[in-house]
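# Survey of secondary and tertiary structure
Letter by letter, the chains look like this.
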Amino acid sequence: MSPRLLRCGVLAAAAALAGCSTGQLVVLLPGDGGEVGSLEVGGGWSAPVTLDTAYAGARSGLLGRATPVAVPDAQVHREFAPVLAAQPPAPVTYLLYFEEGTTQVVPESRPALERMLADVAARAVAEVQVTGHTDRLGTVEDNDALARERAAMVRAVLIRQGLAPGMIRAVGRGEREPLLATDDEVREPRNRRVEITVR
């Protein structure tokens with residue numbers, strides 16, 4: 001997940017938090033992997049405040065003037081609990097592998113299929129990207145068609161599980177994006193796959 005920004009007043013619940021009455025409080029949070037971006041706050045009649053470290057904060061005042069403030073991790077989680085709780089789960093990608101030349105999932109991929117279906121069911125709102133792939137055995141045209149069929153099969157499974165068709169995008173990439181590069185006409189089980197990203 002990318003670095004996150006918390007701002008008092010963004011949600012109705014956050015607007016009532018302590019400290020917002022003296023101006024908006026903006027806090028830069030690290031992403032799930034610890035990465036931190038940067039942003040500028042204020043800048044009306046004075047120079048903007050640049051936030052570029054985790055938990056750096058700024059409080060806005062009169063005429064757009066911003067003042068840097070230190071915001072400890074514990075304070076962020078206490079004051080912004082409603083905002084943090086409202087965030088959607090991070091996207092997750094699943095890989096399903098297929099028998100050669102078919103839309104049949106290999107037995108070893110059944111657990112990943114079950115985890116993916118459980119993940120989709122657990123989300124209040126799920127959006128799913130399904131991308132079919134093949135190895136380089138066969139013609140480009142045949143592989144394009146097979147990749148689309150694999151993606152369509154997974155899409156059909158999701159629809160049978162109750163996910164709205166409009167929340168699923170299914171495409172085929174054929175042999176164009178291999179996990180493992182090979183020469184033409186080479187069998188490679190790791191390239192015969194469908195990648196499913198659940199958001």
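Cut-offs applied
- Residues numbered from 1 in each chain as written.
- Predicted model: local features only at pLDDT ≥ 70, side-chain atom pairs only at ≥ 80, totals over all residues.
- Heavy atoms only, no water.
- Core = buried A, V, L, I, M, F, W, Y, C linked by side-chain atoms within 4.5 Å.
- Buried < 20%, exposed > 50% of the residue type's maximum accessible area, 1.4 Å probe, protein only.
- Contact = heavy atoms within 4.5 Å.
- Pairing = 2+ DSSP bridges.
- Helix = DSSP H or I, 4+ residues; strand = E, 2+ residues; numbered from the N terminus.
- Expected span 1.5 Å × (residues − 1).
- pLDDT = per-residue confidence, 0-100.
- Axes fitted to C-alpha atoms, helices over the stretch in contact; angles between N-to-C directions.
- Parallel < 35°, antiparallel > 145°, perpendicular 65-115°, else oblique.
- Left-handed = near helix turned anticlockwise from the far one by under 90°.
- Nonpolar A, V, L, I, M, F, W, Y, C, P; charged D, E, K, R; others polar.
- Salt bridge = Lys/Arg side-chain N within 4 Å of Asp/Glu carboxyl O.

## Some words on the nonpolar core
- Judged by nonpolar contacts, the single largest core of 21 residues is most densely connected at Met-116, Val-120, Val-128, Val-130, Val-154, Leu-158 and Ile-196.
- With near-sequence residues (within four places) excluded, Val-154 lies in contact with Leu-96, Phe-98, Met-116, Val-130, Val-194 and Ile-196.
- Core analysis: the next-biggest nonpolar cluster, separate from the first, contains nine residues, Val-26, Leu-28, Leu-39 and Val-49 among them.

## Notes on the pairing of strand E5 (residues 56-60)
- When strand E2 (residues 25-29) meets E5, the two strands line up antiparallel, connected through three bridges. From the neighbouring strand, Val-27 faces E5, where its bridge partner is Gly-57.
- Strand direction decides the pairing type here: E5 and strand E6 (residues 66-70), joined by five bridges, are antiparallel. Bridging across to E6, Gly-57 finds its partner in Val-69.
- The turn linking E5 back onto E6 is made up of five residues, and Leu-63 within it adopts a positive phi angle of 55 degrees.

## What to know about helix H5 (residues 140-160)
- Between its first and last C-alpha atoms H5 spans 30 Å; for 21 residues at 1.5 Å apiece the expected length is 30 Å, and the two agree.
- Structurally, H5 contributes buried residues whose contacts are with strand E7 (92-97), helix H4 (110-122), strand E8 (128-132), strand E9 (168-172) and strand E10 (193-198).
- Immediately downstream of H5, the backbone of Gly-162 shows phi near 105 degrees, a positive value.

## Overview of the confidence of the model for the chain
- When pLDDT is averaged along the chain, the result is 87; 88% of the residues meet or exceed 70.
- This stretch, residues 7-21, has a pLDDT under 50; its non-local contacts, to residues over four places away or in other chains, come to 23 contacts.

## Regarding the packing of H4 against H5
- Where H4 meets H5, the closest approach of the two axes is 11 Å, and the angle between their N-to-C directions is 45 degrees. Judged by the inter-axis angle, H4 sits oblique to H5. Handedness of the crossing formed by H4 with H5: right-handed. From H4, Met-116, Leu-117 and Val-120 reach across to H5, where they touch Val-154, Val-157 and Leu-158.
- Taken together, the residues of the contact of H4 with H5 sort by class into six nonpolar, no polar and no charged.

## Description of the pattern of salt bridges
- Here the structure, examined in full by the defined rule, presents ten salt bridges.
- Among the ionic pairs, Arg-136 bridges to Asp-184, the shortest N-O distance being 3.8 Å. You can see Arg-136 sitting in the loop between E8 and H5 and its partner Asp-184 sitting in the loop between E9 and E10, a full 48 residues away along the chain.
- Under the relative-accessibility criterion, Asp-184 is labelled partly exposed at 42%.
- Across the pair Arg-176 and Asp-144 runs a salt bridge, and its minimum N-O distance is 2.4 Å. One end of the pair, Arg-176, is in the loop between E9 and E10; the other, Asp-144, is in helix H5, with 32 residues separating them in the sequence.
- A single network of salt bridges, built from pairs that share partners, joins Glu-100, Asp-135, Arg-187 and Arg-192.

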